[in-house]
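# What the coordinates show
One-letter residues, chain by chain:
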There are 4 protein chains.
Amino acid sequence: MAGSTYGNIFKITTWGESHGKALGVVIDGCPAGIPLSKKDIQCFLDRRKPGQSKFTTQRSEDDSVEIFSGIFEGKTTGTPISMMVKNKDHHSADYSQIAECYRPGHADFTFDAKYGFRDYRGGGRSSGRETIGRVAAGAVASKILSELGIHIITYSKSIGNIEISDENFDINEIKNNSLYMPDAAAAKKAEAMLQDQMAQMNSCGGIIECIIEGVPAGIGEPVFDKLDANLARAVMSIGAVKGVEIGDGFRVSTASGFQNNDSFFFENGKISKSSNHAGGILGGISDGSSIIFRAAIKPTPSIAKTQHTVNQKNENITINIKGRHDPIIVPRAVVVVESMAALTLVDMIFTAMTSRIDFIKDFWKKNS
Amino acid sequence: MAGSTYGNIFKITTWGESHGKALGVVIDGCPAGIPLSKKDIQCFLDRRKPGQSKFTTQRSEDDSVEIFSGIFEGKTTGTPISMMVKNKDHHSADYSQIAECYRPGHADFTFDAKYGFRDYRGGGRSSGRETIGRVAAGAVASKILSELGIHIITYSKSIGNIEISDENFDINEIKNNSLYMPDAAAAKKAEAMLQDQMAQMNSCGGIIECIIEGVPAGIGEPVFDKLDANLARAVMSIGAVKGVEIGDGFRVSTASGFQNNDSFFFENGKISKSSNHAGGILGGISDGSSIIFRAAIKPTPSIAKTQHTVNQKNENITINIKGRHDPIIVPRAVVVVESMAALTLVDMIFTAMTSRIDFIKDFWKKNS
Amino acid sequence: MAGSTYGNIFKITTWGESHGKALGVVIDGCPAGIPLSKKDIQCFLDRRKPGQSKFTTQRSEDDSVEIFSGIFEGKTTGTPISMMVKNKDHHSADYSQIAECYRPGHADFTFDAKYGFRDYRGGGRSSGRETIGRVAAGAVASKILSELGIHIITYSKSIGNIEISDENFDINEIKNNSLYMPDAAAAKKAEAMLQDQMAQMNSCGGIIECIIEGVPAGIGEPVFDKLDANLARAVMSIGAVKGVEIGDGFRVSTASGFQNNDSFFFENGKISKSSNHAGGILGGISDGSSIIFRAAIKPTPSIAKTQHTVNQKNENITINIKGRHDPIIVPRAVVVVESMAALTLVDMIFTAMTSRIDFIKDFWKKNS
Amino acid sequence: MAGSTYGNIFKITTWGESHGKALGVVIDGCPAGIPLSKKDIQCFLDRRKPGQSKFTTQRSEDDSVEIFSGIFEGKTTGTPISMMVKNKDHHSADYSQIAECYRPGHADFTFDAKYGFRDYRGGGRSSGRETIGRVAAGAVASKILSELGIHIITYSKSIGNIEISDENFDINEIKNNSLYMPDAAAAKKAEAMLQDQMAQMNSCGGIIECIIEGVPAGIGEPVFDKLDANLARAVMSIGAVKGVEIGDGFRVSTASGFQNNDSFFFENGKISKSSNHAGGILGGISDGSSIIFRAAIKPTPSIAKTQHTVNQKNENITINIKGRHDPIIVPRAVVVVESMAALTLVDMIFTAMTSRIDFIKDFWKKNS
């Protein structure tokens, strides 16, 4: 109930603090028979690990994953998969600043309010390192999706006020720049802007966009477990996210019904939509179009610029947060958003398997 | 698992279709000893019932609630509360249009794709009437919150492109106009605009804002059950919602860290924030400031204007949706958003009760 | 969390008190496309309704079920099925005795201790009438099982110290006697014994046995959701049950490993067991043999004989419980045990559907 | 959903196989502020570790626990506690026998039937080593219970047909003998009997009894989450358990209502029961008396005596299971039963905290 478990059928439980011995995840409900190696996990973790560029913290961690259970002779066995990443560089010289005062924009104060005290050696469970478990599990979920022909593309849509343009959009470019933008020109501008923010001891936010391709119509439940509702929770549960929208999102508020409705048409033996304002979800259920959503990421709260705050003696003080902080969270959050989308989708696909008696009879025939 | 249940400790299960015999909800996990009457529920249902104004469907339903269990001598007993609203005007003359074709912007197509067939007499579980159960349960959750000194204010922030202004903002005005806007002038303009849309056989969307006051710091769980994550799911699970944002929401993407961070200060024996960009939630946990979020509501998909679509014989056709449809969903959705917020908050307050051993010892002392 | 919901995928929520307006159940997660009528439910409810024989309460209830949702044109739609039975004879003349004192063997005292007060008009949620929701839902679960070729046989194995004998065992006899015993001679003896107990203003217990046929090997999860573990909880959650055992049950404690192990053999293209001490479950997973379990049912606590107890003024008093009480719970509990077994099995079959990637791929191929 | 998670509020997830790299558990929902050390855990694990006596497997494991998260400066932080025990002696020389054939009484066959293949290096998730995670978590639950003044006593009530006697009963004796019997004379007889079984290459079962003291009236939920129902599931989910009974258990079936009912009386300012046939639970809710239950443990299925079975080529063969097997599971299962009881009780106490509005108001006053 303390909320470190996500998913109903494909269920993950994450654990670990930023400055503890290790962080990890247990996946329960992963089907047997999936080829899975350490490499499948590591390539996901590498997309979020520190030290990739000048825009990511220089904390020295290789984030190498160990797998302890649930795999035998290269395949999942159907039993829980336990994975761990050890913290190597967790003996930061000096906790005193963070131990004694509440950093603005961080959860130091709310943790103390909630639990009465906190592990003051870092962000604890509210650190970005908490996402290691999500990403390791997301790698497994993505593997399942790729077995089903589903592909997820995730990228930085904007960094601060610099947005990608439709004409420059190039998926192959995403991995070519340190900001994971599908637009080389925008990435270049954004990098310059970020250098400037760093010089000013400040930080920046942005928007991440995620496109899921290959989901047929029929996935998602009609009421509280709408596919978009569960995606919204999954993505909003990532530390720095302050907004989530599906399809046209907030723009629907100023559109008319005629503009916003997507017409259906029948062609080549298939019902499709002539537009996709809905973002691939109608009534909480996938409609066969691409699923599209966006997440707003706040600027890194750790900045060296002088800020006002309170210490644990209730004195009003100023603070300059030193240390190895990313000036922007967005690029490293790209794989986290993708992981949460994959975890959600796998869980909802598994849920859909019991929605019709004929699906159940097919399964039964095979087993009896 | 089919997702008609919401909540972990304070748990609701809704049921019923738009054109079935009745709709209802069962609340399990409501504490014993709360004074509760039919009137407490009815006043919430009346805020969403049809026929309130020219902007709501003229379907003739009084949405009168019956309570079947869980209350004895005017107080909750701790056992499940079962409530029902009978459908009166459900024999709509003619289902043939909706039975045979897929209305754009509706879930007709996705229901057929998911279940193989559907109750074609109306929107079924994807109708706005599905929210009756949410609102009846939300009334009970709100009662609990008011016992704890928490108050929720919810209103239409914008209707189409007409937005309330800060200078005109007046909470008392919300109930004075048919659009539930806290700004009389904006409401007047919006009403005129809606009349115009209706004349054009078109519809409109908008934005709902919700402010929760009286929540101390410490409510919400740090990882997947962040207070904002659960609010996002709760609100996005309402049929017409396409986006949710907390505090500054999507605006954080263009702010700097220095702008977006809220400074803490100590005054009058209490730690507060000098601004509230965070919307009252840090690291998924309430910080003692007002909790603020917004939801983007899409325009009513049922419009009389000619649209292209497909029928069940896979023929490309045109459709003009006749009948008793709201030209705007926003005003009736206000109480639904408020209900989902109340349900979420009660559940997370109950969850917080086991977060510290001293809370548990206090409870135990009282009971042993 | 207050525990009125059972099941993970096929999920039921029951509500209602013995002397309230009605009792009911909502099923969420029932697959679409199952032919289902009121008659399917009623025939289950009729097996537990009052007034069937001189050994059941003469309370005048026909326990007629109403279905409010989830069925369209004779088939389940995949949306929640809400069912209700109205209490007719709930205005018992005189609550004063039960209102003021704690009946031995009943939950009056523990309800007061838990909730601070109780609905004193009868047993409330601890009455046998609470099982109406279980049985209505169990009828639906049984319908699903029969579509899969699974059959459940449940009967009274013993009434007091009168046990059925192997040589007289006749399944067809179960419905011929008022005690649901598969042995006419034993039933006759038991009826005489019960008459005697009634004359002495006393009551009797017994053992119910349940045999499930047609479950192939592979159903059940290996750790906490073992098939036998979930059956044990399901059955022990029925009011009067004080013990549950699988296969040889308590007799295993005195057997040797060699005696208790069931040998495997291969014959006619199939692996079988030469005996079934295990009761059809190995390591929590069905092994293809018949699943067999037993439940111990305590004697009806409501007896007219003089008993010592305490009233709400904390005075030590004596009590003679008057009224319409069954002298034995066993026969009416038979269908309740069967219902809980059916509900558990359906839920675990649905869970098994995601245990292998090849099952998921089969489902996917059909849907894409 | 694959059932490696137990508990609703105090939630544990176990992982690991008998011959994998390690086994472990993650506890989510442990309150902050509990003093907790490695020693608290280790003393529980030592009660189940191999090599304690001639009646336990000689597999060489010290079962030393590592704690990775959730504890800071000697106290729980409220975040997940991840614990692990590494397998040291897991390179058993020869898997071939167990790899190729189905051991009678084991889950080899059902695992293959369920998942299509299995980790054939040992019992996998169905090994007794799976209980390491349960016991490590049970140690934490027991710590919480002892903070609340609750004590659990668990012991072997019978080994084969040798039962403890009431007159010799001595709690202090439990730890003095290798069989954890509270009766020195019975233990001596049982040891001799076991030596004999070992000589015959056979094995033995028994009964474990558990007494929980210090639970006030009011814990447990009235319907599906009855305290006894959840205990039954918890205990039946332990590998070798085939029966569970509460209080008088199966003996209620032959008792009369007058015999079985426990009279209430008021004395010294408190309502008590003059007997405890109910085992401390009425209507699923604790009644203030000691909670008493028993579990039937089957004889170890691994025996060296010749047995008939089938290999993976579907040939009928004989098998003599060699290796380091306990001739009896009972003594090592004592701490496992105790752990499952502790986990269940903590979860149900936490659930009870939200059963009354006055409990919630007390909590709120302290926090606002």
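Refer to the structure printed above.
Residues numbered from 1 in each chain as written. Chains lettered and ligands numbered in written order. Predicted model: local features only at pLDDT ≥ 70, side-chain atom pairs only at ≥ 80, totals over all residues. Heavy atoms only, no water.

## Digging into the overall build of chain A
Applied cut-off: The secondary structure listing takes helices from DSSP runs of H or I that are at least 4 residues long and strands from runs of E that are at least 2 residues long, numbered from the N terminus. The atom set for the radius of gyration is the C-alpha atoms, and the globule formula is 2.2 Å times the number of residues raised to the power 0.38. The buried label applies to any residue whose accessible area, calculated with a 1.4 Å probe on protein chains only, is under 20% of its type's maximum; exposed applies above 50%, and partly exposed to all values in between.
Regarding its fold elements, chain A presents nine helices and 18 strands. The C-alpha atoms of chain A give a radius of gyration of 22 Å, which matches the 21 Å a tight globule of 368 residues would have. Seen along its three principal axes, the alpha-carbon backbone of chain A occupies a region of about 65 × 50 × 40 Å. Looking at the 368 residues of chain A, the share that counts as buried comes to 70%.

## Some details on the sheet that holds strand E9 (residues 162-163) of chain B
We apply this condition: In this scheme, strands are said to pair when DSSP sees at least two bridges between them. Pairs of residues are marked as contacts when any of their non-hydrogen atoms sit within 4.5 Å. In this analysis, axes come from line fits to C-alpha atoms, helices being fitted only over the stretch in contact, and the angle between any two N-to-C directions falls in the range 0 to 180 degrees.
Judged by pairing direction, the sheet is antiparallel, and its ten strands sit side by side in the order E9(A)-E8(A)-E10(A)-E16(A)-E11(A)-E11(B)-E16(B)-E10(B)-E8(B)-E9(B) without closing on themselves. Each edge of the sheet is formed by a strand with only one pairing partner; in this case those strands are strand E9 (162-163) of chain A together with E9 of chain B. Bridge analysis of strand E8 (residues 151-159) of chain A against E9 of chain A gives two bridges, and the strand direction is antiparallel. When the sheet's bridge partners are listed, serine 158 of chain A is paired in E9 of chain A with glutamate 163 of chain A. Contacting E8, strand E10 (206-213) and strand E16 (291-297) of chain A, helix H8 (residues 330-352) of chain A crosses the sheet at an angle of about 145 degrees to E8 of chain A. In the packing of helix H8 (residues 330-352) of chain B onto the sheet, contacts are made with strand E8 (151-159), strand E10 (206-213) and strand E16 (291-297) of chain B, and the angle to E8 of chain B comes to roughly 145 degrees.

## Here we look at the relation of the copies chain B and chain C
Short version of the rule: C-alpha atoms of residues with pLDDT of at least 70 in both copies form the basis for the least-squares superposition of the copies.
Mapping chain B onto chain C leaves a residual RMSD of 0.0 Å; the transformation is a rotation of 180 degrees accompanied by 0.0 Å of translation along its axis. Both copies of the chain, as the preceding transformation shows, are related through a two-fold rotation axis. A share of 100% of the interface residues of chain B reappears at the interface of chain C, consistent with the copies meeting face to face through the same patch.

## Thoughts on the sheet that holds strand E9 (residues 162-163) of chain D
Spatially, E9(C)-E8(C)-E10(C)-E16(C)-E11(C)-E11(D)-E16(D)-E10(D)-E8(D)-E9(D) is the arrangement adopted by the ten strands of the open sheet, whose pairing is antiparallel. Edge positions in the sheet fall to strand E9 (162-163) of chain C together with E9 of chain D, since each of these pairs with one other strand and no more. Bridge count between strand E11 (residues 241-246) of chain C and strand E11 (residues 241-246) of chain D: three bridges; the pairing is antiparallel. Across the sheet, residue valine 244 of chain C finds its bridge partner in E11 of chain D, namely valine 244 of chain D. Helix H6 (residues 227-236) of chain D contacts E11 of chain C together with E11 and strand E16 (291-297) of chain D of the sheet and is inclined by roughly 160 degrees relative to E11 of chain D.

## Points about the relation of the copies chain D and chain C
Once chain D is rotated about the relating axis by 180 degrees and shifted along it by 0.0 Å, it coincides with chain C to within an RMSD of 0.0 Å. Comparing interface residues between copies, 100% of those in chain D also sit at the interface in chain C, which points to an isologous, same-surface contact.

## Observations concerning the pattern of salt bridges
Test applied: Take a side-chain nitrogen of Lys or Arg and a carboxyl oxygen of Asp or Glu: if they are within 4 Å of each other, that pair is a salt bridge.
Enumeration according to the criterion identifies 105 salt bridges over all chains in this entry. Lysine 366 of chain D is paired through a salt bridge with aspartate 362 of chain B; the nearest N and O atoms lie 2.7 Å apart. Separated into two different chains, lysine 366 of chain D in helix H9 (residues 357-367) and aspartate 362 of chain B in helix H9 (residues 357-367) make up a pair that spans both. For the salt bridge of lysine 143 of chain C with aspartate 40 of chain C, the shortest nitrogen-to-oxygen distance reads 3.2 Å. Here aspartate 40 of chain C lies in helix H1 (residues 38-48) and lysine 143 of chain C lies in helix H4 (residues 131-147), a separation of 103 residues in the sequence.

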